[in-house]
Amino acid sequence: MIKSALRRDFLDKRRSLSSNEIAIASRLIGERFFAEIDLSRVKRLHSFIRIPKFNEIDTSNIYYRIWHERRGIATFAPRTDLANGEMDSVRFDESTDLMENAWGIREPNSNDLADPDEFDLVLVPLLCFDLLGQRVGYGKGFYDRFLAQCRPDCDTIGLSIFPPVDHIDDSTKSDIPLSACITPERTYRFPRSADRIN
């Protein structure tokens, strides 16, 4: 299927889930993250902050635990510039105030920024992903532009309520694939290769 159809279908599927189903999936994904992801080399981590109205995975299960158990890892979250379509990564911890942007999305109220190439791990939002590690997001391109500036050895980990689709038919060379994706049931890992898109 193509991205537009997948985006429509998975937005509908996610809207149909109850808050309790989202909470359970988020907890399982958080537990799997700490059980299966090697954080020993991670010094800087970028995580999205969930958008409740979109029924996104609750990433607080991950960053709260990092704040209390992995204090050597600095955490950052996105701040979007709606005018130019760019995204900054802003320092984010338990003392950071959050403010809503024009889209009603909570963002850190801070000016402590990090460049994309400083990150060892990025948690990537998505609607669905395929067996090659390609993803479908909301279609604005914020994360593709951000991930294109990250180091080749940066782990890009998607978090998904649903298992993968077989193939996203209109992925292109400009789409940045994931290195792994965590679902409530399992973790999918993908080879690092520039030649995965046919």
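What you see is a predicted model, and the numbers here were worked out from it, not measured in a lab.

1. Some points on the pairing of strand S3 (residues 86-91)
Reasoning step 1: Where strand S2 (residues 74-81) lies against S3, 6 bridges are found, and the strand directions are antiparallel. The residue bridging Arg79 from the neighbouring strand is Asp88, located in S3.
Reasoning step 2: Linking S2 to S3, which pair antiparallel, is a turn of 4 residues; within it Gly85 sits at a positive phi near 75 degrees.
Reasoning step 3: Bridge count between S3 and strand S6 (residues 113-114): 2 bridges; the pairing is antiparallel. Bridge pairing in S6 links Val90 to Leu113.

2. Quick notes on the nonpolar core
Reasoning step 1: With 50 residues, the main nonpolar core has Phe33, Leu121, Val122, Leu123 and Leu159 as its most contacted residues.
Reasoning step 2: With 5 residues, the single largest contributor to this core is helix H2 (residues 19-36).
Reasoning step 3: Grouped together as the second largest cluster of nonpolar side chains are 5 residues, Ile49, Tyr63, Ala77 and Phe92 included.

3. Focus on the environment of Met99
Reasoning step 1: Mapped onto the secondary structure, Met99 falls in strand S4 (residues 98-100).
Reasoning step 2: Separated by 13 residues in the primary sequence, Met99 and Glu86 place their C-alpha atoms 18 Å from one another.
Reasoning step 3: Once residues lying within four places of it in the same chain are set aside, the contact partners of Met99 are Ile105, Arg106, Glu107 and Asn109.

4. Things to note about the pattern of salt bridges
Reasoning step 1: Applying the stated criterion across every chain yields a total of 14 salt bridges.
Reasoning step 2: Across the pair Asp153 and Arg151 runs a salt bridge whose closest N-O atoms are separated by 2.8 Å.
Reasoning step 3: Under the relative-accessibility criterion, Asp153 is labelled partly exposed at 38%.
Reasoning step 4: What you see here is one network of salt bridges that share partners, running through Arg41, Asp120, Arg151, Asp153 and Asp155.

Cut-off values and rules
- Residues numbered from 1 in each chain as written.
- Predicted model: local features only at pLDDT ≥ 70, side-chain atom pairs only at ≥ 80, totals over all residues.
- Heavy atoms only, no water.
- Pairing = 2+ DSSP bridges.
- Helix = DSSP H or I, 4+ residues; strand = E, 2+ residues; numbered from the N terminus.
- Core = buried A, V, L, I, M, F, W, Y, C linked by side-chain atoms within 4.5 Å.
- Buried < 20%, exposed > 50% of the residue type's maximum accessible area, 1.4 Å probe, protein only.
- Contact = heavy atoms within 4.5 Å.
- Salt bridge = Lys/Arg side-chain N within 4 Å of Asp/Glu carboxyl O.

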